[in-house]
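# Secondary and tertiary structure notes
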Amino acid sequence: MDMPYQILVVDDDAAIVNVIETALTQAGYRVITATNGEEACAKTEKARPHLVIMDVMMPRCNGLMATMRIRQGSNVPILMLSAKAEGSDRVLGLEAGADDYLVKPFYRQELLARVRALLRRYDDLGSIRERGMEGQIAVGDIVLDTVGKRLLVRGEPVHLTPTEWKLLTVMMSNRGRVFSAEELYTRVWDSEAYSVENTVMVHISRIREKLELDPKKPEYLKVIWGIGYVFEAP
């Protein structure tokens, strides 16, 4: 790596910010901080960090609202933090545009593992530090350009988050193969799969919204009920 990754840490709890900043700095990352969603949006636009670690509950603009605003103009990986472990809260965070979700309190090594996995996906999407495999993957009117690092849907470029890019790459590279939610999670999130159905489902739904003419009647990205997901030609 030619230069350290820059990570934006957003939390209104100074003690938590200090813990995260110390762990990231010791691991070799550069850290900038924000204390609310408004500040997070401004710093994301100005500093263009490689990753955002975003708390949910904050004053002025909470993490969910800030994530949705950031997603309007940026595909930066977002790791959401919350004190709530309920599945509904996890789904809300992912639907807002987060790539991954970590429940407080967390272990330092777990935080760093999530950070490394998200940054790998950032590079897979096409950072200036690394280029992936060459070529194109085409299925019907969907073309995944692995040289230009872009997705073309019926000839039009479509923006993907790093997690969506990796998930779609796995499925389009294995056209016609049915993947369970657990296998997709293990491949894309680089973590052990445990109760991951909602996480994978939300990301699949987000990709469908970008690919399908009618996301409720998908032609490409389909569910095989009780088994998993498959990408195939219409």
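Placed above this text is the structure.
Keep in mind the model is a prediction, meaning the values are calculated, not measured.

From N to C terminus, the chain includes eight helices and 11 strands. In summary, the chain has a C-alpha radius of gyration of 17 Å against a globular reference of 17 Å for 234 residues, a match within 12%. Once the C-alpha set of the chain is aligned to its principal axes, its extents read approximately 50 × 40 × 30 Å. Every one of the 234 residues in the chain was classed for burial, and the buried ones make up 47%. Long-range contacts, defined here as pairs at least 24 residues apart, represent 56% of the contacts in the chain between residues at least 6 apart. Roughly 11,500 Å² of accessible area belongs to the chain as shown, and the carbon and sulfur atoms make up 51% of that amount. Distance between charge centres in the chain, computed from 30 positive and 33 negative side chains, equals 2 Å.

By way of backbone hydrogen bonds, the strands of a sheet pair with one another, either parallel or antiparallel. Strand order in this open sheet of four strands is β6-β7-β8-β9, and the pairing throughout is antiparallel. Looking at strand neighbours, the two that pair on one side only are β6 (136-139) and β9 (156-158), the edges of this open sheet. Sheet twist, expressed as the average angle between the axes of neighbouring strands with direction ignored, equals 25°. Examined bridge by bridge, β6 and strand β7 (residues 142-145) share four bridges and lie antiparallel to one another. Across the sheet, isoleucine 137 pairs through a bridge with leucine 144, a residue of β7.

Inspection of every chain in the model, using the stated rule, returns 13 salt bridges. Glutamate 39 is the salt-bridge partner of lysine 43, the closest N and O atoms lying 3.3 Å from each other. Here the residue lysine 43 and the residue glutamate 39 both occupy positions in helix α2 (residues 37-47), the gap between them amounting to four residues, near one helical turn. Using a relative accessible area of 25% as the deciding quantity, one classes glutamate 39 as partly exposed. With a shortest N-O distance of 2.9 Å, aspartate 99 and arginine 71 are connected by a salt bridge. With aspartate 99 in the loop between α4 (87-96) and β5 (100-103) and arginine 71 in helix α3 (residues 63-71), this residue pair connects regions lying 28 residues apart in the sequence.

Let us now look at the packing of α2 against α3. In a pair of packed helices, the angle between the axes and the distance between the axes together describe the arrangement. One way to put it is that α2 packs onto α3 with a least axis distance of 9 Å and a crossing angle of 20°. In terms of orientation, α2 and α3 fall into the roughly parallel class. As for how α2 packs across α3, the hand of that crossing is right-handed. Counting all contacts with α2, which are made through Gly37, Glu38, Ala40, Cys41 and Thr44, the residues of α3 involved are Ala66, Arg69 and Ile70. Of the residues assigned to the contact of α2 with α3, the class counts are four nonpolar, two polar and two charged.

Right, let's get into the packing of aromatic side chains. According to the stated counting rule, one finds three aromatic pairs in the structure shown. Judged by centre distance (6.3 Å) and plane angle (50°), the ring pair of tyrosine 5 and tyrosine 29 falls under tilted. Placement of tyrosine 5 in the segment before β1 (6-10) and of tyrosine 29 in the loop between α1 (14-26) and β2 (30-34) is noted, with a sequence separation of 24 residues between them. Summarising the burial analysis for this pair, tyrosine 5 and tyrosine 29 share the class buried.

Parameters at a glance
- Residues numbered from 1 in each chain as written.
- Predicted model: local features only at pLDDT ≥ 70, side-chain atom pairs only at ≥ 80, totals over all residues.
- Heavy atoms only, no water.
- Helix = DSSP H or I, 4+ residues; strand = E, 2+ residues; numbered from the N terminus.
- Rg over C-alpha atoms; globule rule 2.2 N^0.38 Å.
- Buried < 20%, exposed > 50% of the residue type's maximum accessible area, 1.4 Å probe, protein only.
- Contact = heavy atoms within 4.5 Å.
- Areas by Shrake-Rupley, 256 points an atom, 1.4 Å probe, with all protein chains shown as cover.
- Lys, Arg positive; Asp, Glu negative; His and termini not counted.
- Charge placed at Lys NZ, Arg CZ, Asp CG, Glu CD.
- Pairing = 2+ DSSP bridges.
- Axes fitted to C-alpha atoms, helices over the stretch in contact; angles between N-to-C directions.
- Salt bridge = Lys/Arg side-chain N within 4 Å of Asp/Glu carboxyl O.
- Parallel < 35°, antiparallel > 145°, perpendicular 65-115°, else oblique.
- Left-handed = near helix turned anticlockwise from the far one by under 90°.
- Nonpolar A, V, L, I, M, F, W, Y, C, P; charged D, E, K, R; others polar.
- Phe/Tyr/Trp six-rings, centres within 6.5 Å; stacked < 30°, edge-to-face > 60°.

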